[in-house]
Structure formats: C-alpha cells, structure tokens
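What follows is each chain in one-letter form.
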Amino acid sequence: SQPQAQSSSTLSKGRILLVDGSAVIFRAYYKVMAKAHHNLIPELESEADWVLTVFTAFTTILGLLDLSPSHFAVVFDHKGGFADEQRCKTCVFIFTGLTFRHTMFPEYKKNRPPTPDTIYQGLDHLRPALVAMGIKVIEVPGVEADDVIATLAVSAATSEMKVRIVSPDKDFFQILSPDIRLLRFVPKGAGMVSFGMEEFSARFGSLEPAQFVDVLSLIGDTCDNIPGKYYHTIDSRLRSITCNIAGIPGIGEKTAIELITKFGSVENLLQQRDKVTTKRALKGLLADKGEALLSKRLVALRADLPSYMLPFTMDDFIWRKVHDDGQRLFQLLKAMSSFVDGEIHVELQDRILGLWKKLETKP
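If you check an unreviewed UniProt entry, the protein chain appears there as 5'-3' exonuclease domain-containing protein from Selaginella moellendorffii.

See the structure below:
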C-alpha cells in the first residue's frame with residue numbers, strides 16, 4: 001500500500017516544513033538548563049523548568065512559522081510502544097518508545113540516557129498548545145518520527161512541493177533531493193543552516209544521498225546503539241554527551257565514504273571485501289558476522305509508510321488560522337505563564353496574532 005500523504009490537484013505546489021518535535025523540545029530543555037547553570041535566569045521553581053522548556057520550544061516553532069510555509073506539521077515519537085506479538089502477547093503498545101527496529105535488534109538505543117522528566121512534562125503541554133494553534137501534530141505507533149517525516153517528505157516532493165525538514169539528525173541525509181532540504185540548528189546560538197544537495201556534495205564528494213545509509217552502516221550510530229564505530233558530539237554547550245562504541249574496527253567516516261564511493265553499497269563491499277587494500281578496514285570487514293547489514297536495516301529510514309499509518313492528504317497540513325481566534329491557545333499559555341512570569345504569554349500572543357495577520361495578507 002502506498003503512503004496516503006499526497007497533495008490534491010488544487011494544491012500541487014507549495015512549501016511544507018516538517019518539524020522533528022523531539023529535537024525541538026530537547027534543544028529547548030538544554031537551553032533552559034544552560035541558562036540556569038550560568039545564572040542567566042532566576043533560580044527555577046518546581047514548575048518553572050518544564051514551563052520555560054515549553055515556551056522555549058514554542059518560540060522556536062513560531063520562528064519557523066515566520067518562514068511563511070504553506071504547510072506545516074510537527075512530528076513526535078509515539079508515546080506508546082511496539083512489541084513483537086509472537087514474543088509478547090499482552091505487551092503491545094505498553095513499553096514506551098519501542099518500534100519495529102527493537103524487534104530486529106533488542107539493544108537498539110539502549111545506550112541513550114533516560115529522558116528527563118521535565119521533557120515528558122513539557123511534551124504533555126506542548127502538544128495541546130500546538131494543536132490549539134492549528135498545527136498538525138503527528139505520532140504514529142510502531143515507527144519513529146524520522147520514518148513519518150521521511151514518508152511525508154518524499155510524498156510531498158513527489159507532488160512537486162518544496163520540502164524543508166527541521167532536524168539536526170544526519171539520518172535525513174539519505175533522502176535529500178533537489179526538493180528536500182534540511183534546516184539544522186547551529187550548535188551555538190538561535191540560528192539555523194540550510195543543508196541540501198550542494199552542501200552534501202561539498203562534504204561527501206561524489207557520494208549519492210541514498211548511499212549515506214551505507215556509510216552509516218559501516219560507521220554505526222552510537223547514540224542509537226547501532227553497531228559501528230563513530231564519534232558524535234551533540235551540541236556540547238547544551239548537552240554534553242559524547243557517544244562511543246566500537247563496531248567494525250578500522251572504519252571511520254572518511255574510510256566508509258571512500259569504500260562506498262568505490263563499491264557502491266555495503267552488499268557489494270562485503271561481496272568484494274578481499275579487494276579492500278586498507279589493512280585495518282579489511283580486518284574489520286573480514287570479522288564482520290552480519291553487523292553491517294543489520295546496521296543498514298536499522299539506519300534506513302522508512303519512506304514508504306502505508307496509508308493506514310498515515311491517513312492524510314497534504315491539505316491536512318495547510319497552515320491556517322484557527323476558528324476560535326486562538327482563545328483556547330491563549331488560555332493555555334496564560335495558565336502556564338502563571339508558574340514563571342505572569343506576562344510572558346503576552347509576547348507570545350502578540351507574535352501569534354502577527355503570524356495570523358500575515359496569513360490574511362498572503363496572496
């Protein structure tokens with residue numbers, strides 16, 4: 001079954017922003033924690049941390065809407081879970097965050113530190129605030145937000161829409177195209193950088209975006225606990241976590257790019273591994289017992305989710321003013337602001353009204 005997220009004939013073109021909601025709120029949380037650590041904000045009360053996290057994330061969303069997309073959606077990982085029915089008859093959708101990848105590799109993402117309670121609390125208030133603003137919020141059980149974003153992005157690009165994916169995740173490199181670009185947060189500050197085919201070519205040479213999954217298969221993704229060898233630092237100013245696991249010895253990013261550029265894919269590389277001239281890489285490949293192919297299955301984004309998982313058309317993502325003129329949204333923001341600064345919601349309200357006014361003047 002093909003994904004249902006297809007544009008109608010009357011809206012065959014436009015620009016859609018697909019936002020990695022988890023990345024936005026994590027970044028907001030660590031920004032708040034960094035400011036508190038450096039005494040840039042008053043000492044946090046018991047409720048203040050999650051409220052400031054929500055407002056910081058919400059401000060980021062408003063900044064994205066300033067880019068004037070015609071369509072907009074925020075995608076989160078489903079707060080339920082997924083389990084193999086053959087292994088667990090009663091636990092489907094009980095374990096938080098489990099997906100089909102956990103059935104392939106039970107250790108998937110076990111290296112990740114626990115999500116702070118503040119973020120869970122913030123999500124419970126950020127989601128309804130976004131919905132009250134008229135923003136489409138999507139969560140699909142059994143798959144990751146990245147798979148949902150990839151499916152929507154490819155479908156929108158097929159419908160001749162311009163697609164911008166707001167996420168720092170390098171996994172999205174594999175679906176880059178002339179119509180699909182990333183907007184990535186800069187490590188320091190509040191800006192973003194655009195990353196597309198030109199930037200990919202400048203960084204990876206003649207490698208095709210679709211081959212990036214093969215590169216990841218060799219170097220792994222240690223934050224997701226995928227077999228491989230890679231060293232990745234996530235915004236050291238906001239979240240000082242360095243991920244390290246050993247996988248295929250002797251293959252780092254540079255070597256992986258050279259190997260995939262030469263052999264085309266992991267499968268071809270493994271079939272012709274005796275032709276590899278780099279001793280360390282050859283030793284690691286000869287010792288491979290299926291880890292590289294497993295890694296490829298884990299890091300490959302699902303860009304073909306079926307219609308029963310994504311029962312939407314692109315019209316569902318049109319960014320428009322809500323029918324109640326924001327009354328419910330403004331009530332939510334005012335209630336939250338009472339925990340920190342009683343007037344903080346006023347600035348947000350003014351920005352929202354400005355965005356809606358801009359919508360009214362669009363041709």
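Let us keep going from here.
Q: Quick question: what am I supposed to make of the environment of K358 here?
A: Residue placement: K358 occurs in helix α13 (residues 344–361). Using a relative accessible area of 31% as the deciding quantity, one classes K358 as partly exposed. Considering only alpha carbons, one finds K358 and D66, 292 residues apart in sequence, at a separation of 9.2 Å.

Q: Can you help me understand unusual backbone geometry in this one?
A: Across the chain, the bulk of peptide bonds are trans and the bulk of non-glycine residues have phi less than zero. One non-glycine residue with positive phi stands out, namely S68, at about 60°. Following the sequence through the fold, S68 ends up in the loop between α2 (48–65) and β2 (71–77). According to the relative accessible area criterion, S68 is partly exposed, its value standing at 31%.

Q: Got a minute to help me understand the sheet that holds β2 in this structure?
A: What holds strands together in a sheet is hydrogen bonding between their backbones, with the strands either parallel or antiparallel. With mixed pairing, six strands are arranged side by side in an open sheet as β3-β2-β1-β4-β5-β6. Of all strands in the sheet, those with a lone pairing partner are β3 (136–140) and β6 (192–195), marking the two edges. Strand-to-strand, the axes of this sheet are offset by a mean angle of 25°, without reference to chain direction. Lying on the sheet, α2 is in contact with β1 (15–20), β2, β4 (162–166), β5 (180–185) and β6; it crosses β2 at an angle near 150°.

Q: Can you walk me through helix α10 (residues 279–286) in this structure?
A: In an α-helix, one turn spans 3.6 residues, which is why side chains three or four residues apart end up on the same side. Buried within α10 we find A281, G284 and L285. The arc that holds the buried residues of α10, viewed along the axis, is 100°, so those residues lie on one side. In α10, the exposed residues that point more than 90 degrees away from the buried face are K279, K283 and L286. Turning to α10, the residues buried within the fold contact α7 (212–219), α8 (253–263) and α9 (266–271).

Q: What should I look at first to understand the side chain of D20 in this one?
A: Mapping D20 onto the fold places it in strand β1. Within the structure, the side chain of D20 is placed 3.3 Å from the backbone nitrogen of S22, a separation counted as a polar contact. Excluding residues that lie within four positions of it along the chain, D20 makes contacts with V75, D146, I149, V166 and S167.

Q: Explanation requested: helix α1 (residues 21–37) in the structure shown.
A: Taking 1.5 Å per residue, 17 residues should reach 24 Å; α1 reaches 24 Å between its end C-alpha atoms and fits that length. With 13 of 17 residues buried, α1 is to be regarded as a mostly interior element. With a side-chain oxygen positioned 3.3 Å from the backbone nitrogen of S22, the residue opening α1 is D20. Where α1 ends, the next residue or the one after it, N39, has phi of about 60°, a positive value.

Q: Help me understand the environment of G354, please; the structure alone is not making it clear to me.
A: If you trace the backbone, G354 turns up in helix α13. Look at G354 and you get partly exposed, because its relative accessible area is 36%.

Parameters and conventions
- All residue numbers refer to positions counted from 1 along the written sequence of the respective chain.
- Side-chain atom pairs in this predicted model are given and counted only at pLDDT of 80 or more, local residue features only at pLDDT of at least 70, and totals for whole chains, interfaces and linings cover all residues.
- Derived side-chain values reflect all non-hydrogen atoms in the structure, with water molecules and hydrogen atoms excluded from consideration.
- Only runs of H or I of at least four residues qualify as helices and only runs of E of at least two qualify as strands under DSSP, and these elements are numbered from the N terminus.
- Between buried and exposed lies partly exposed: a residue is buried under 20% and exposed over 50% of the maximum accessible area for its type, with that area taken using a 1.4 Å probe on protein chains only.
- Whether two strands pair depends on DSSP finding at least two bridges between them.
- All axes here are fitted lines through C-alpha atoms, helices being fitted over the stretch that makes contact, and every angle between N-to-C directions spans 0 to 180 degrees.
- Two residues form a contact once any of their heavy atoms are found within 4.5 Å.
- This arc is taken over the directions from the axis of the helix to the C-beta atoms.
- In protein, a polar contact means a hydrogen-donor-capable atom and an acceptor-capable atom, both N or O and within 3.5 Å, with residues adjacent in sequence counting only if both atoms are side-chain atoms; elsewhere, any N or O pair within 3.5 Å suffices.
- One less than the number of residues in a helix, times 1.5 Å, gives the span that helix is expected to have.

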